[in-house]
Amino acid sequence: MQGAVSNRSMVWLRGIFLAAAVASIMNYVVLSWHWPMMWDAPVMRYVNFLMDHGMQPYSQIGDMNMPGAYLTDRWATWVFGQSDAGSRLFEFFEMGLLIAASIATAGRRLWFGGFYAAAFFVVMHASEGPLVATERDELVMVLIVIAFAFLFQSVRRSMPSLMIPFGVAMALAASVKPTIAPLELLLLGLMILELRRRSERWLPSVLWALAGTAIITAVILDFFLRHHAIGPFLLLVRTVLPSYATMNHPSFWAMSRQLLPITVLLILPFAAIAAVQTRSWVGWEEKALAAGAAIGAFSYLAQGKGFIYHRYLFVMLLLLCAGKALDAAMRSGERSGERSRRAVGATGVALTLLLVLPYYVFLAHHWQSTRLQENAMAVSIESDLTRLGGDKLQSNVQCFDLVGGCLNALYHLRLVQRTGTTGDMLFFSPVEGPEVKAARKSYWAATRNNPPEVIVLGNEWFQGTHNNFSKIDTWPELAEYMQANYKLVATRTFSPKMQEADAKDPVAPAYRIYLLRGSPLDPSDAPLRAIQDAHPSPVATGSRK
């Protein structure tokens, strides 16, 4: 027992974990380098693309994300480029910042605990695939860990000026996800209590933090004023956001069950025992991290969708608490009364090394090809639109889709859509509320006298029980108009999504392309034949009409 928990054994265990974690992270980099942008990521890019072409957010562009989401994506594009590879570089940059900030948050003595937490998260995130890559909640989580690093360093070093980047990071995170906004005030309150306990001045630190917050506030205000977006944004907050909150809302119990990954539950008992044994839970830093984790859980529940990336902040801050506790236990003395502490800390790290890291690396490889199949729809739409005319479709194509792939295709082709719609969930609603009527009215105002020559209709139905094309029947006026004025060019059907592969009745993603009758794009049905004769992608089943 004594040999198993000696100083040398702890050094070896930390070294082996470091090597395995670095290898796992490099495996993630190599494995994911060719991942395309998917799901929400292309939507952020496309909104900025539309703004670059003169459309105004919240009025002409029908997207309900916060201004910080657009601004951070624009900055990332400026630095790393517009390509899918640039998006990968941005995520690798985020993960590098996370590792550095986690180590700084844990502090010089417990640096290994910070690395442990960040490595655990990165390898877990890698196993979840391209669908959740560069999600907004991932960015928010990284920003908040950076804020914690500057907060703790400011107090440790008695340097109030370090609170400027704290305020910047917290305000920027809140401008992306307002559900975490209370955290800054909570952390400032805990900092004030700690500085008063130390008999140090707290006002300079608070003022520097507020100065950092003011910088981002000014940037956001400038965004609103430049785009004349204050009124439309407030209207969106009053109407669309409450409506969205009620859509596809899992039960509280279902969401609670998804809050913690099973791998975190595996090591949590050892971290809890280590925290109690070493009393590492009583410090103000641990209380601040716990408060952040609580806000993370609140944000997850408040968003009301149960998506795995909505829990990122909660999971990461919990891992930081666990990592610090396990590291503190492993650094206990060699006296007989402290050996049990070392054994608990070493067991938690060893389980992560032997079970957690291999499990996530296996998942990343096992699901790699299946996950990338989910981008086949975007690739196919891009190919079809290119055959139909490519750049001739500029301002002449309309997507009725959510995140299935149509906007991905438009972004890659650099095509401006006829309207600024970035999702069809309000168009095809079984309940015709005022926000639905307003969305439909806006669409008709933009297209009634100048209809798009090409319409891409996806079968993804955010408000329906199953994905299918019958969603269009919830908007009879559009259904009748399309039947009278458009002809069906093609229908493409794809393999069921990975997460539905084990379902009894999996729904296959699909889309249809419609062409305006008499369109100059189709004087002799040549584009129609070109698409019908084209070979679908390997995962498509080419069900055409």
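Anything mentioned here points back to the structure above.
Rules and cut-offs
- In this numbering scheme, every chain counts its residues from 1 along its sequence in written order.
- The predicted origin of the model limits local features to residues at a pLDDT of at least 70 and limits the giving and counting of side-chain atom pairs to 80 or more, whereas totals for whole chains, interfaces and linings rest on all residues.
- Note that the side-chain values use all heavy atoms of the structure and ignore hydrogens as well as water.
- Put simply, DSSP marks the helices as runs of H or I at least four residues long and the strands as runs of E at least two long, and each gets a number from the N terminus on.
- Burial status follows relative accessibility: with a 1.4 Å probe on protein chains alone, a residue under 20% of its type maximum counts as buried, one over 50% as exposed, and anything between as partly exposed.
- Throughout, a residue-residue contact means that at least one pair of heavy atoms, one from each residue, lies within 4.5 Å.
- Each accessible area is a Shrake-Rupley estimate made with a 1.4 Å probe; only the visible protein chains count as cover when residues are assessed.
- Here, a disulfide means two cysteine sulfur atoms that sit within 2.5 Å of each other.
- Salt bridges, as used here, are contacts in which a Lys or Arg side-chain nitrogen is within 4 Å of a carboxyl oxygen on Asp or Glu.
- Residues enter a nonpolar core if they are buried and are Ala, Val, Leu, Ile, Met, Phe, Trp, Tyr or Cys, with the set joined through side-chain atoms within 4.5 Å.

Student: Lay out the overall build of the protein in plain terms, naming residues and giving numbers.
Tutor: Across its full length, the protein holds 22 helices and six strands. A burial count over the protein gives 57% of its 545 residues as buried. Considering only contacts within the protein whose residues lie at least 6 apart along the sequence, 76% involve residues at least 24 apart. Entry remark: accessible area of the protein is about 22,800 Å², with carbon and sulfur atoms responsible for 63%.

Student: Can you tell me about unusual backbone geometry, naming the residues and giving the values?
Tutor: The residue Tyr58 is not glycine, and still its phi comes out positive at about 70°. Among the secondary structure elements, Tyr58 is positioned in the loop between helix H2 (41-52) and strand S1 (61-62). For Tyr58, a relative accessible area of 8% corresponds to the buried category. Even without glycine at this site, Arg414 takes up a positive phi of about 55°. With respect to the secondary-structure elements, Arg414 resides in the loop between helix H19 (406-413) and strand S3 (420-421). The exposure class assigned to Arg414 is partly exposed, which follows from its relative accessible area of 29%.

Student: How would you explain the state of the cysteines if you had to name every residue and give the values?
Tutor: Applying the stated criterion to the full structure yields one disulfide. Between the sulfur atoms of Cys399 and its disulfide mate Cys406 the distance is 1.8 Å. Looking along the S-S bond of the Cys399-Cys406 disulfide, the torsion reads about -65°, which is the left-handed sense. For the pair formed by Cys399 and Cys406, the shared burial category is buried.

Student: Requested: an account of the pattern of salt bridges, with residues and values cited.
Tutor: Should the charged atoms of two oppositely charged side chains come close, the side chains can pair. Enumeration over the complete set of coordinates arrives at 16 salt bridges. Across the pair Asp40 and Arg136 runs a salt bridge whose closest N-O atoms are separated by 2.7 Å. Pair noted here: Asp40 is in the loop between helix H1 (7-32) and H2 and Arg136 is in helix H6 (residues 136-157), with a separation of 96 residues, a long-range link. Each of the two residues, Asp40 as well as Arg136, counts as buried. Put simply, Lys324 and Glu286 hold a salt bridge, and the shortest N to O gap is 2.8 Å. Note that Lys324 is positioned in helix H15 (residues 312-330) and Glu286 in helix H14 (residues 284-303), a separation of 38 residues in sequence.

Student: I'd like a description of the nonpolar core, backed by residues and values.
Tutor: One finds Leu98, Met191 and Val454 to be the most contacted residues of the largest nonpolar core, which totals 173 residues. With near-sequence residues (within four places) excluded, Leu98 lies in contact with Ala118, Phe121, Val122, Met141, Val142, Val145 and Met316.

From the geometry alone we can't say anything about function, so treat these as descriptive.
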